[in-house]
Number of protein chains: 2
Amino acid sequence: MSILIKNIRGIIQAGDDVPQFRAGAEMSVLSVIENGWILTEDEKIAGYGRMVQMPSGVTADEVIDASGRFVLPSFCDSHTHIVYAGSRELEYMDKIRGLSYEEIARRGGGILNSAELLRETSEDELYRQSMERINEIIGFGTGAVEIKSGYGLDTESELKMLRVIRRISESSPIEVKPTFLGAHAIPAEYRNNREGYIDLIINEMIPRVASEDLADYIDVFCDKGFFTVDETEQILMAGIKYGLRPKLHANELGFSGGIQTGVKYNALSVDHLEFTGDDEIEALLGSDTMPTLLPGAAFFLGMTDPPVRKMINAGLPVALASDYNPGSSPQGNMKLIMSFGCIKLRMLPAEVINAVTINSAYAMGISDTHGSITRGKVANLIITKEIPSYEFLPYAYGSNLVERVVLKGEVS
Amino acid sequence: MSILIKNIRGIIQAGDDVPQFRAGAEMSVLSVIENGWILTEDEKIAGYGRMVQMPSGVTADEVIDASGRFVLPSFCDSHTHIVYAGSRELEYMDKIRGLSYEEIARRGGGILNSAELLRETSEDELYRQSMERINEIIGFGTGAVEIKSGYGLDTESELKMLRVIRRISESSPIEVKPTFLGAHAIPAEYRNNREGYIDLIINEMIPRVASEDLADYIDVFCDKGFFTVDETEQILMAGIKYGLRPKLHANELGFSGGIQTGVKYNALSVDHLEFTGDDEIEALLGSDTMPTLLPGAAFFLGMTDPPVRKMINAGLPVALASDYNPGSSPQGNMKLIMSFGCIKLRMLPAEVINAVTINSAYAMGISDTHGSITRGKVANLIITKEIPSYEFLPYAYGSNLVERVVLKGEVS
């Protein structure tokens, strides 16, 4: 199968020299080719360039005329909890009414609500519900997604989640990266025995996850009221021993030390970061860890946004992800996340496009194969509707402007 | 043409006794029929009820099975500027970079930017661009829309806008209410002659608009830096003389006195209301004026939201509208506006549904024919996708959950 896309008004993030990620002032750099063409062959990008330089005789099984349209690499969503059972809109009404997190938890809400429901849900049903969401985000332009466990909170249920994630990976054209997040919360049955649960994670869950090769990364909710730095370090060290690279929930609820811990253990990313000060920025500079922001959650919970301009001005890279989950960000539309980047975080359109393509590809460990339109990379593409400029994408914040998507070289 | 919709999981806002609007504690009341049917005949709603009580032998030209789906009245969007030329995403980048309103205006931005472009655009081209937006909002579930002039700012250009609005009304199934907003801003050529422009509005524009019967309502941007209370009163009185009922832009930028002025002149609605205090609430109580909030604009501009809970708790009704315009809210997705109502304004799902159906119908003067599923009202309906509850609509804030829409008794 080959596809030739012609007469593209602008190809965004195209080039054989796009770096593994862009940081600081480079985040406002985008490689743009005006009036161009792209050729895919099988699953890969085979060529691209300006129409005036298109080699004569180029043809393909399918030819798409993209006049007036832009093409960009599919979004990489590097932080989701998209595998879950049911939804939590009724609990959200309690939040609107002003109930505190603790009151909602006492009514059976929060992560433990999702855990209870997930344990009762069969693997097939969990797969079915999750695939509806996967197909929805594919339609919104996402071509690669990281998915975490963490609503099981017992060994069998965590494994069940990870098997569903594997099944999604095998049955869908979307690229999937699985993360083990047994340390998402302390389950009800261990409320008075934290050490017991951490012991279970370290000595039972991690070895099982590794022996079935069910995860690439290990995550811990290292934050106020969840896991301490000391507990996080124990869990990460156990994961690293089994080849799982850290990716952390950090500094959403306070200056938790999570960012520094992530850097110390060479995390691929530290995510949330609402509480980021000078020390945290200092720790991140020069590290291999991608600061990842989840503005959908901050929006849904009415929280203060992280100091993104300060971070970028200090020279840091930034990735954006959806945090798609039933409690704090029940949606996975990455174009809306781009709008949050511009409108709430005061990032420029070029910065948010870097943040949802090459930088978020880095944050999920796939920037050598995804995140830009580069010869040899996977042919994951978004073809927009007719729009006046690429800046129009985050600006028209309520519109769906994705007309077609190509995943692994096939129109989806 | 008749349509029978069967097996509806829940019919929202259905009843022959839905009031003209709902206020205060009543705003959390919704008339819901579980497991129901709806029959339309020609352009009207002919019947509805519970499946178990559906009269035998009911049939129609088209039968729709809505198992697992909800049906609600189409959204009424009571405040838009959807007729405009071009878009302003590049100016928005200046806002992100921190340029002030005045600096942007000096670079040719703001309302005057749109005015310049609109004057240069032909009526046909303006109609074409506007119809793209109209068709988009129809797909999002809007069945009635108020549209303002106000980017012309000279007599011929204001009339051109109003003729385009009339043409939309005649060529689209959407219900349209036109508002004359000559007093949107002082145009560049009158910068040093405010009185001259107000004189033009009063003595030339309003009589011409009235003689061609091009508007139902008259609007003034009564706010800090735009039109004073005194100027507003002059303009409203002239409009009222010609049968145009007031609908005001008020208190977006300061305690402008706009709310009190609206109430004094029996405005159908006062809109924006970011600056609402006890005096403004007092003025509104018991009046015939609908307080209308535009959270999309507050979101896009990063402004403080109005004190909505205080207003509802004081017994006021509230309507929500999109404010679709190229400068401060470039989108018209009313489902997203519902989400803003819940997430940013802390309104309950039932309150936001009242705010975007019957209350916003009132705010555009059509609540006797629109805004609820009532026998004899216009058959404007939204059929959702399969969802677990109506509360899921604002909760899943990035998803498009509208599967089909019926406008004037036809599937659109």
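Here the structure is a predicted model, which means the values were calculated and not measured. (Residues numbered from 1 in each chain as written. Chains lettered and ligands numbered in written order. Predicted model: local features only at pLDDT ≥ 70, side-chain atom pairs only at ≥ 80, totals over all residues. Heavy atoms only, no water.)

Chemist: Explain the overall build of chain A residue by residue, including any values.
Modeler: Scanning chain A for helices and strands turns up 15 helices and 17 strands. Viewed in the frame of its principal axes, chain A has a C-alpha envelope of about 70 × 45 × 45 Å. Counting across all 412 residues of chain A, residues that qualify as buried make up 65%. In chain A, once contacts between residues fewer than 6 apart in sequence are set aside, the share between residues at least 24 apart is 73%. Element-wise, carbon and sulfur atoms account for 47% of the exposed surface of chain A, whose accessible area totals about 13,900 Å². Of the side-chain charges in chain A, 38 are positive and 57 negative, and the distance between the mean point of each set is 3 Å. (Helix = DSSP H or I, 4+ residues; strand = E, 2+ residues; numbered from the N terminus. Buried < 20%, exposed > 50% of the residue type's maximum accessible area, 1.4 Å probe, protein only. Contact = heavy atoms within 4.5 Å. Areas by Shrake-Rupley, 256 points an atom, 1.4 Å probe, with all protein chains shown as cover. Lys, Arg positive; Asp, Glu negative; His and termini not counted. Charge placed at Lys NZ, Arg CZ, Asp CG, Glu CD.)

Chemist: Quick rundown of the layout of surface pockets? Include the residues and the values.
Modeler: Residues and elements named next belong to chain B. Volume-wise, the largest pocket comes out at about 1,200 Å³. Of all the elements in the fold, those that place two or more residues in the lining of the largest pocket are α1 (89-96), α2 (101-106), α3 (111-120) and α10 (295-301). Top contributing element to the lining of the largest pocket by residue count: α3, with six residues. Looking at side-chain class alone, the lining of the largest pocket contains 19 nonpolar, 13 polar and 14 charged residues. (1 Å grid on protein atoms, 1.4 Å probe; cavity = no way out; pocket = protein on both sides within 12 Å on 5 of 7 lines; lining within 4 Å. Points joined across faces, edges and corners; volume = space filled by probe spheres on them. Nonpolar A, V, L, I, M, F, W, Y, C, P; charged D, E, K, R; others polar.)

Chemist: Account for the pairing of strand β9 (residues 217-222) of chain B, naming residues and giving values.
Modeler: All names here are of chain B. The buried fraction of β9 amounts to six of the six residues, a majority that puts the element mostly inside the structure. The two faces of β9 match: Tyr 217, Asp 219 and Phe 221 on one face and Ile 218, Val 220 and Cys 222 on the other face are all buried. Bridging between strand β8 (residues 175-183) and β9 involves three bridges; their strand directions are parallel. Its bridge partner being in β9, Ala 183 is matched across the sheet by Val 220. Considered for its hand, the β-α-β crossover made up of β8, helix α6 (residues 194-211) and β9 is right-handed. Two strands pair when backbone bridges link them, and β9 and strand β10 (residues 245-246) are joined in this way by two bridges, in the parallel orientation. (Pairing = 2+ DSSP bridges. Right-handed = clockwise from strand over helix to strand, strands pointing away.)

Chemist: Give me the lowdown on the interface of chain B and chain A, citing residues and values where you can.
Modeler: Across the contact, 38 residues belong to chain B and 38 residues belong to chain A. Note on chain B versus chain A: buried area summed over both sides is about 3,300 Å², and carbon and sulfur give 66% of it. One can count zero salt bridges joining chain B with chain A. Linking chain B with chain A are 16 residue pairs in polar contact (both at pLDDT 80 or more), by the criterion used here. Among the elements of the structure, α1, α10, α12 (334-343) and α15 (392-395) of chain B are those that each provide at least two residues to the side of chain B that touches chain A. Sort the elements by how many residues they give to the side of chain B that touches chain A and α1 of chain B lands first, with six residues. Split into classes, the residues belonging to the side of chain B that touches chain A amount to 21 nonpolar, nine polar and eight charged. (Buried area = accessible area lost by both parts, 1.4 Å probe. Salt bridge = Lys/Arg side-chain N within 4 Å of Asp/Glu carboxyl O. Polar contact = N/O pair within 3.5 Å; in protein donor to acceptor, adjacent residues only side chain to side chain.)

Chemist: Now, about the pattern of salt bridges: what can you tell me, with residues and values included?
Modeler: All names here are of chain A. Counted by the stated rule, this structure contains 44 salt bridges over all chains. Two residues, Arg 97 and Asp 94, come together in a salt bridge whose shortest N-O distance is 3.8 Å. Classification of Arg 97 by relative accessible area gives exposed; the value is 51%. Relative accessible area serves as the criterion here: at 13%, Asp 94 is assigned to the buried category. Taking the shortest distance from any N to any O, the salt bridge between Lys 148 and Glu 146 comes out at 2.7 Å. You'll find Lys 148 and Glu 146 in the same group, each marked buried. By sharing partners, the salt bridges in this structure join Glu 156, Arg 163, Arg 208 and Glu 212 into a single network.

Chemist: Could you give me a rundown of the domain arrangement of chain A, with the residues and numbers involved?
Modeler: Residues and elements named next belong to chain A. Its domain assignment divides chain A into domain 1 (2-73 + 372-411) and domain 2 (75-364). Just the C-alpha atoms count here: the centres of domain 1 and domain 2 sit 29 Å apart. Contacts between the two partners involve 32 residues from domain 1, matched on the other side by 34 residues from domain 2. Summed over both partners, the interface of domain 1 with domain 2 buries about 2,600 Å², with 68% contributed by carbon and sulfur atoms. Counting the surface domain 1 buries against domain 2, the share from its top three residues, Met 27, Pro 394 and Leu 407, is 25%. Where domain 1 touches domain 2, the interface holds one salt bridge. With a closest N to O distance of 3.5 Å, Lys 408 and Glu 175 form a salt bridge. Connecting domain 1 to domain 2 are 14 residue pairs in polar contact (both at pLDDT 80 or more). (Domains from an automatic or database assignment.)

Chemist: Which residues make up empty space enclosed by the protein, and what values go with them?
Modeler: All names here are of chain A. Inspection of the entire model under this criterion finds four cavities of 30 Å³ or more. Each pocket or cavity is described by its volume, and for the largest cavity that value is around 50 Å³. Pro 73, Ser 74, Phe 75, Cys 76, Gly 143, Ala 144, His 370, Gly 371, Ser 372, Val 378 and Asn 380 are the residues that line the largest cavity. Across the lining of the largest cavity, the residue classes break down as five nonpolar, six polar and no charged. Residue-level mapping places the lining of the largest cavity at the junction of two domains, with at least three residues from each of domain 1 (2-73 + 372-411) and domain 2 (75-364).

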